[in-house]
Amino acid sequence: MPSSLSRRSLIAAAALAPLAPPLARAAAAEPALLARRIPSSGESLPAMGIGTSRRYEVPPVPEQVAPLQAAVERFAALGGRVIDTAPSYGTAEDVLGLILSGSGLRPNIFLASKVSESGREAALAQIERSFQRLRTNRIDLIAVHNLVDTKGNLALLRELKGQGRIRYLGVTVWRDDQFPDLEAVMREAALDVVQVNYALDNRKAAERILPLAADRGMAVMVNVPFGRDRLLNAVKGKPLPDWARPFCASWPQFFLKYVLAHEAVTCPIPGTAKVAYVEDNLGAARGRLPDAGERRKMEELIDAA
C-alpha cells in the first residue's frame, strides 16, 4: 500500500467532484452497494471489504486504534460488512477485537480470519487465540492460510463448522506459484470460500482459478487488488482517462472495478485504514462496472504503463 499522501493525491487528481461525502451523511443517501452471493449458502454480501494486514498492526492503545475505529465505523455506516484478518497479522486481531467490541458493530460485520499452524493441537490453539483476541464466540469464516497443513486444518475447520463456532471455511493464497496446489485443493475439497491474489496487472487467477471457483460453487475473496503499491505507483500523477469516468471517479475505483467486473469475484478486501479510503473504495461497489471492451482498454493501459 502506498503512503497516505500518494493515495490522497491520486483520489484528488482524478475526481471531477468531491469523492468523499460528509461523515454525517446517512448510508441511506448513498446508492446501494453491489452485492454478491456465497454460492454454498446463498448469503448475500456487499462486494467490497477491508483487509487488515499491515495497516491494523498497531499497538492496541486508544490513540493508535481511534483512526482505525473511525474507518471501520464509517465502513459499517455505508453498508460494508466483510473484514478480513489473520493471527499472523501482528496485533491486527487484537485491534479489530477492540474496535468491534467497543463500538457494538460485531453483529453487523462478516468477520474472516485464518489458521496457519501445522498439526491439530497447534492449529486449534491458534484458533482459540483468535476467538479471544477478536472478542467473539463465533467467527464467520476461517480459512487455511497459504495452504498450510491443508488436509488437517480443513478437517478441524469442518468440526468447528459443525459445532456452529464458524459459519464458513476455505483456503487462501497470495502468490501465482501457489495456484497449482490451490487448484488441486479446490477440485478435491468442498470449500465455501477461496481467497486469491488478482489485480489488473496480475491477471493469472482469471485463467483457471476464478472459472474453477465458479464451476465448484465457491465464493472468491480477492487480496492485494491494487497489486500492493504497483498499480497506484504506475498511474501516480496521471489523469484518469475520460473514457473511464462513466464508471469510476478515481484510480483506486478504476482498479477495484476491474476486479469486480469478473463475475466470479465475490469481494475484494483492499487494505483500508482511513475514512477517506473507505468512502472511495466503497464507491467502487456502486454504479455500473466496466464492460468487456472497457476492461480490455484497462488492460492495455496498464500493460503499457
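Data block above holds the structure.
These notes cover the structure that comes with them. (Residues numbered from 1 in each chain as written. Predicted model: local features only at pLDDT ≥ 70, side-chain atom pairs only at ≥ 80, totals over all residues. Heavy atoms only, no water.)

1. A short note on the environment of Gln 195
Put simply, the rule reads: The secondary structure listing takes helices from DSSP runs of H or I that are at least 4 residues long and strands from runs of E that are at least 2 residues long, numbered from the N terminus. The classification of residues rests on relative accessible area computed with a 1.4 Å probe and restricted to protein chains. Under 20% of the type maximum is buried, over 50% is exposed, and intermediate values are partly exposed. The criterion used for residue contact is that any of the two residues' heavy atoms lie within 4.5 Å.
Its place among the elements puts Gln 195 in strand S8 (residues 193-197). Assessed through its relative accessible area of 5%, Gln 195 is described here as buried. As for Gln 195 and Val 171, which are separated by 24 residues in sequence, their C-alpha atoms are 6.4 Å apart. If we skip the residues at most four places from it in the chain, Gln 195 touches Asp 84, Lys 114, Val 171, Thr 172, Val 173, Met 221, Asn 223 and Ile 269.

2. Some points on the pattern of salt bridges
Which entries qualify depends on this criterion: We count a salt bridge whenever a side-chain nitrogen from Lys or Arg sits within 4 Å of a carboxyl oxygen from Asp or Glu.
According to the stated counting rule, one finds 20 salt bridges in the structure shown. In this structure, Arg 167 and Glu 43 form a salt bridge, with 2.5 Å as the shortest nitrogen-oxygen distance. Here Arg 167, found in strand S7 (residues 166-172), pairs with Glu 43, found in the loop between strand S1 (35-37) and strand S2 (44-46); they are 124 residues apart in sequence, far enough to count as distant. Taking relative accessible area as the criterion, Glu 43 reaches 16% and is therefore assigned buried. The partner of Arg 208 in a salt bridge is Glu 183, and the shortest N-O contact between them spans 2.7 Å. Of this pair, Arg 208 sits in the loop between S8 and helix H7 (209-216) while Glu 183 sits in helix H6 (residues 179-188); the two residues are 25 residues apart in sequence, bridging distant segments of the chain. Put simply, Glu 43, Arg 81, Arg 106, Asp 140 and Arg 167 are held in one network by salt bridges that share partners.

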